[in-house]
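Geometric and topological summary
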Amino acid sequence: NALIASLPSVAGDIDWETPQGGRDLRAALEEVVEHCRSIGLPSIVALVVQAERGQLGYPGKGYYAYVYPQVKSKEEQLALWGQDLERVKKTTYPS
């Protein structure tokens, strides 16, 4: 699998504090979205959220921009993400 081969062997290999680290993560997540779409599964990327003050938060702006580029309303974005999250929870993914 091209995605697995392209990821660092350990998440610690990505320097999260640099712009390149953010680009690497975004590219990997976008590839996962596309693969899920290609096999007709909800995007498991809905599980990836930011931490806010030590608590799990919501997906970053990049999630909505890539998965729902036409949706600009924050309320609608959150509703769609919530629907995605529920579909992901009910789905069995291939190993």
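Just so it is clear, the model here is predicted, and its values are computed rather than measured.

**Brief notes about the side chain of Asp84**
Position of Asp84 relative to the elements: it lies in helix α4 (residues 74–89). Looking at Asp84, the relative accessible area reads 9%, which means it is buried. Dropping the residues within four chain positions of it, Asp84 is found in contact with Ala46, Tyr63, Val67 and Tyr68.

**Overview of the packing of aromatic side chains**
Enumeration according to the criterion identifies 2 aromatic pairs in this entry. When the ring of Tyr58 is compared with that of Trp81, the centres are 5.4 Å apart and the planes differ by 75°; the resulting orientation is edge-to-face. Separated by 23 residues along the polypeptide, Tyr58 in the loop between β2 (55–56) and α3 (61–67) and Trp81 in helix α4 bring together distant segments of the chain. Residue classification places Tyr58 among the partly exposed positions, given a relative accessible area of 40%. Ring centres of Tyr63 and Tyr64 lie 5.3 Å apart, and the angle between their planes is 85°; on these two criteria the pair is classed as edge-to-face. Grouping residues by exposure puts Tyr63 and Tyr64 together as buried.

**Thoughts on the nonpolar core**
If you look at the biggest cluster of nonpolar residues, it comprises 14 residues, and the most contacted ones within it are Val45, Ala46, Tyr63, Val67, Tyr68 and Trp81. Elements supplying a minimum of two residues to this core: α2 (19–38), α3 and α4. Ranked by residue count, the leading element in this core is α4, at 4 residues. Tyr68 has contacts with Tyr63, Leu80, Asp84 and Arg87, leaving out every residue within four places of it along the chain.

**Things to note about the confidence of the model for the chain**
Averaged over every residue, the pLDDT of the chain is 86; residues scoring 70 or more account for 84%. Helix α1 (residues 2–6) is the least confidently modelled element of the chain, averaging 56 in pLDDT, while α4 averages 96, the highest of any element.

**Quick word on the pattern of salt bridges**
Taken as a whole and judged by the stated rule, the model has 3 salt bridges. For Arg37, the salt bridge identified is with Glu34, shortest N-O distance 3.1 Å. Pair noted here: Arg37 and Glu34 are both in helix α2, with a separation of 3 residues, about one helical turn. One salt bridge connects Lys89 with Glu86, and the closest N-O pair in it is separated by 3.3 Å. With Lys89 and Glu86 both in helix α4 and 3 residues apart, the pair spans about one turn of that helix. Look at Glu86 and you get partly exposed, because its relative accessible area is 37%.

About the criteria used
Residues numbered from 1 in each chain as written. Predicted model: local features only at pLDDT ≥ 70, side-chain atom pairs only at ≥ 80, totals over all residues. Heavy atoms only, no water. Helix = DSSP H or I, 4+ residues; strand = E, 2+ residues; numbered from the N terminus. Buried < 20%, exposed > 50% of the residue type's maximum accessible area, 1.4 Å probe, protein only. Contact = heavy atoms within 4.5 Å. Phe/Tyr/Trp six-rings, centres within 6.5 Å; stacked < 30°, edge-to-face > 60°. Core = buried A, V, L, I, M, F, W, Y, C linked by side-chain atoms within 4.5 Å. pLDDT = per-residue confidence, 0-100. Salt bridge = Lys/Arg side-chain N within 4 Å of Asp/Glu carboxyl O.

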